[in-house]
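# Report on the structure
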Amino acid sequence: MTRFEKSGLWGALALLTAGAVVAVWSPPDAIQGDYVRIMFVHVPSAWLAFLAFGVAMAASITWLVKRSPTADAVAASSVSVGVFFTALALLTGMIWGRPVWGTFWDWGDARMMTTAVMFFVYLGYLALRRAIDDPLQRARRSAVLGVVAFAQVPIVHFSVVWWRTLHQGPTIVRPDPTIDGRMLAALLVNLFTFTVIYVVLVLFRLRLSSAEESLRARMLSAENPLAGSAVASPDLEVLRNA
Amino acid sequence: MPDGWVLFAYALVYVSILAFGSLLARRLVAVRKRLEE
């Protein structure tokens, strides 16, 4: 690993530790008690899902406009990290819901169900990428899905406003936020921490994609010596200029 | 000291993040090693 990559890993670890310390320092909630501390990992996980899918949508649009292979790689990397954090948001939400709501899951809850649907649609995005061998076809189809699937993000966000079900409404993004200052500080520190971790993970995923692509190109050129570079690395300039 | 259920939630999140990060890092190192061969 390069020095930059090692610094990223150690920085992420240090921030994770700081996030945990701040979560312990924050006071227990008057009603929820210590369970409120789960919010300091649940909310950042959900925020990162939104951020990751937003970045994937922007990268998908960039690919559709410029046919840039880097944009395709950014979209794929961001979605894989976003799916991971969506799973964490769902799991931590269930863990919090059991003692506070008395249930892990409510099939009638708008926020839970829309988040679960979003999770499976983006899992489908990753499955789609694995199912198509041709790089251009894969990039085109996943770019379209990357743009269309993002429509779910505002639906998930506003689900607690549009439908009155079990999940509570917005706590911070509202005209009269009532959250305690130390809880807000703990939440903000963890939001920052998780965002840095997202950036580190996406960078690692991007570098891994690039290294795997180089390896694949080398193996293809070794297997097809007559086809040579035409098979190993398709010329995307042709499509870009079409 | 936080409740055991809260610690479980934190352990799940932290171990998952560390596992995901180390998986990516290890795969990156392995692929680069194969490229160097």
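The structure presented is a predicted model; accordingly, all values stated were derived computationally and were not measured.

### Let's talk about the overall build of chain B
A tally of helices and strands in chain B yields one helix and zero strands. Counting only C-alpha atoms, chain B reaches 50 × 10 × 5 Å along its principal axes. The proportion of buried residues among the 37 residues of chain B is 24%.

### Topic: the overall build of chain A
Looking only at helices and strands, one finds nine helices and zero strands in chain A. Ordering the α and β elements of chain A from the N terminus gives α-α-α-α-α-α-α-α-α. Oriented by its inertia axes, the alpha-carbon framework of chain A measures out at about 70 × 40 × 30 Å. Evaluated residue by residue, chain A yields a buried proportion of 36% over its 242 residues.

### Remarks on the interface of chain B and chain A
Taken together, the contact pairs 23 residues of chain B with 27 residues of chain A. Across the side of chain B that touches chain A, the residue classes tally to 17 nonpolar, two polar and four charged.

### Overview of helix α2 (residues 39-66) of chain A
In a regular helix each residue adds 1.5 Å, so 28 residues correspond to 40 Å; α2 of chain A covers 40 Å between its end C-alpha atoms and thus fits that length. Looking one or two places after α2 of chain A, you find R67 of chain A, whose phi comes out positive at around 55 degrees.

### Here we look at the packing of helix α1 (residues 3-25) of chain A against helix α1 (residues 4-36) of chain B
Interhelical geometry of α1 of chain A versus α1 of chain B gives an angle of 175 degrees and a closest axis separation of 12 Å. Between α1 of chain A and α1 of chain B, the interaxial angle falls into the category roughly antiparallel. Counting all contacts with α1 of chain A, which are made through L9, A12, L16 and A20 of chain A, the residues of α1 of chain B involved are Y10, Y14, I17, G21 and A25 of chain B.

### Notes on the environment of L15 of chain A
Residues and elements named next belong to chain A. Here L15 shows up in helix α1. Residue classification places L15 among the partly exposed residues on the basis of 19 C-beta atoms within 10 Å. C-alpha separation for the pair L15 and I197, spaced 182 residues apart in sequence, amounts to 8.4 Å. Setting aside chain neighbours within four positions, we find L15 in contact with T193, V196 and I197.

### A few points about the nonpolar core
Counting 66 residues, the largest nonpolar core has A52, F53, A75, V79 and Y198 of chain A as its most contacted members. Taken together, the elements giving at least two residues each to this core come down to α1, α2, α3 (69-101), α4 (110-131), α5 (135-149) and α7 (181-223) of chain A together with α1 of chain B.

### Observations regarding the confidence of the model for chain B
Of all residues in chain B, 95% attain a pLDDT of 70 or more, and the chain-wide mean is 89. At the level of chain-chain contacts, confidence expressed as ipTM amounts to 0.91, with global pTM at 0.86.

### Here we look at unusual backbone geometry
Residues and elements named next belong to chain A. The backbone of R67 sits at a positive phi, close to 55 degrees, despite the residue not being glycine. Looking at the secondary structure, you find R67 in the loop between α2 and α3. Of the residues examined, R67 has 20 C-beta atoms within 10 Å and is grouped as buried.

### Description of the environment of F120 of chain A
Tracing the backbone shows F120 of chain A in helix α4. Distance in space between the C-alpha atoms of F120 of chain A and W10 of chain A is 32 Å, their sequence separation being 110 residues.

### Observations regarding the packing of α3 of chain A against α1 of chain B
Direction vectors running N to C along α3 of chain A and α1 of chain B enclose 170 degrees, while the axes themselves pass 10 Å from each other. Judged by the angle between their axes, α3 of chain A and α1 of chain B are roughly antiparallel. Across the interface between the two elements, F84, L88, L91, T92, I95 and P99 of chain A of α3 of chain A pack against W5, F8, A9, L12, V13, S16 and F20 of chain B of α1 of chain B. The residue makeup of the contact of α3 of chain A with α1 of chain B, split by class, is 11 nonpolar, two polar and no charged.

### Some points on α5 of chain A
For α5 of chain A, with 15 residues, the first-to-last C-alpha span of 20 Å sits near the 21 Å given by 1.5 Å per residue. Buried positions along α5 of chain A lie against α2, α3, α4 and α6 (152-162) of chain A.

Rules and cut-offs
Residues numbered from 1 in each chain as written. Chains lettered and ligands numbered in written order. Predicted model: local features only at pLDDT ≥ 70, side-chain atom pairs only at ≥ 80, totals over all residues. Helix = DSSP H or I, 4+ residues; strand = E, 2+ residues; numbered from the N terminus. Buried ≥ 20, exposed ≤ 12 C-beta atoms within 10 Å, placed from the backbone. Contact = placed C-beta atoms within 7 Å. Nonpolar A, V, L, I, M, F, W, Y, C, P; charged D, E, K, R; others polar. Expected span 1.5 Å × (residues − 1). Axes fitted to C-alpha atoms, helices over the stretch in contact; angles between N-to-C directions. Parallel < 35°, antiparallel > 145°, perpendicular 65-115°, else oblique. Core = buried A, V, L, I, M, F, W, Y, C linked by C-beta atoms within 7 Å. pLDDT = per-residue confidence, 0-100.

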